[in-house]
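As a plain string of letters, each chain reads:
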Amino acid sequence: MTIDDSTFMPITCVITAAAEVGAEVVIAPDLAHFGTGYAAMTVACALLVPTGLIGRRPPQR
């Protein structure tokens, strides 16, 4: 799944889509694209932005 600067997709839709397809990584143009939702994104899969890879983390219980 690739998200570019012309993609409009609320973070919940991105996370759901990534989880449903079993994505390993989501590539985005900037961390700001996710706002504070990037932390939730990394529960579904890793996040690759120009500054580097933010690895997947286990959900908190």
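As the structure is a prediction and not an experimental result, all values here were calculated from the model. In every chain, residue numbers begin from 1 and rise along the written sequence. For this predicted model, a pLDDT threshold of at least 70 governs which residues receive local features, and a threshold of 80 or more governs which side-chain atom pairs are given and counted, while totals over whole chains, interfaces and linings are taken from all residues. Note that water and hydrogens are dropped before the side-chain values are worked out from all heavy atoms of the structure.

J.: Just to check I follow, could you spell out the nonpolar core for this structure?
T.: For soluble globular proteins, nonpolar side chains are generally found buried alongside one another. Residues Val14, Ile15, Ala18, Ala23, Val26, Ala28, Phe34, Met41, Ala44, Cys45, Leu47 and Val49 constitute the largest nonpolar core, which totals 12 residues. Only DSSP runs of H or I with at least four residues qualify as helices, and only runs of E with at least two residues qualify as strands; both kinds are numbered from the N terminus onward. Looking at this core, the elements that each hand over two or more residues are helix H1 (11-21), helix H2 (38-44) and strand S2 (46-49). In terms of residue count, the dominant contributor to this core is H1 (three residues). Working rule for contacts: check all heavy atoms of both residues, and any pair within 4.5 Å makes them a contact. In contact with Val49, not counting residues within four places along its chain, are Ala28, Asp30 and Leu31. Nine residue types can take part in a nonpolar core, namely buried Ala, Val, Leu, Ile, Met, Phe, Trp, Tyr and Cys, and a core is a set of them joined through side-chain atoms within 4.5 Å. Per-residue accessibility, obtained with a 1.4 Å probe over protein chains only, is compared with the maximum for each type, and a residue is labelled buried under 20%, exposed over 50%, and partly exposed between these values.

J.: What exactly am I supposed to notice about H1 here?
T.: Three or four residues apart is the spacing at which side chains of an α-helix point the same way, because the helix has 3.6 residues per turn. Those residues of H1 lying buried are Val14, Ile15, Ala17 and Ala18. The arc that holds every buried residue of H1, seen down its axis, measures 165°, which confines them to one face. Residues of H1 that are exposed and point more than 90 degrees away from the buried face comprise Thr12 and Glu20. Think of it as the arc spanned by the lines of direction from the helix axis to the C-beta atoms.

J.: When you look at a nonpolar patch on the surface in this model, what are you seeing that I'm missing?
T.: Nonpolar side chains collect at one region of the surface, where Ile27, Leu48 and Leu53 lie side by side and expose about 260 Å² of accessible area between them. Here Leu48 lies in strand S2. Look at Leu48 and you get partly exposed, because its relative accessible area is 33%. A patch consists of residues whose relative accessible area exceeds 30% and which take part in no salt bridge; residues with like charges are grouped when within 9 Å of each other, and nonpolar side chains (Val, Leu, Ile, Met, Phe, Trp, Tyr) when within 5 Å. Only the protein chains shown count as cover for residues, and all accessible areas are computed by the Shrake-Rupley method using a 1.4 Å probe. Salt bridge, as used here: a side-chain nitrogen of Lys or Arg that lies within 4 Å of a carboxyl oxygen of Asp or Glu.

J.: Could you clarify how one ought to interpret the sheet that holds strand S3 (residues 52-54) in this entry?
T.: Sheet strands pair via backbone hydrogen bonds, and the direction of the pair is either parallel or antiparallel. In this scheme, strands are said to pair when DSSP sees at least two bridges between them. Strand order in the open sheet made by the three strands is S1-S2-S3, with mixed pairing throughout. Taken across any chain shown, the strands that pair with only one partner, and hence form the sheet edges, are strand S1 (25-27) and S3. The average undirected angle you get between the axes of adjacent strands in this sheet is 20°. Bridging between S2 and S3 involves three bridges; their strand directions are antiparallel. With axes taken as lines fitted to C-alpha atoms, and helix axes fitted only over the stretch in contact, angles between N-to-C directions fall between 0 and 180 degrees.

J.: How should I be thinking about the pairing of S2 in this particular structure?
T.: Within a regular beta strand, the side chains point alternately toward one face of the sheet and then the other, so they alternate between its two faces. The pairing of S1 with S2 spans three bridges and is classified as parallel. Bridged to Ile27 within S2 is Leu48.

Distances and angles like these do not, on their own, reveal function.
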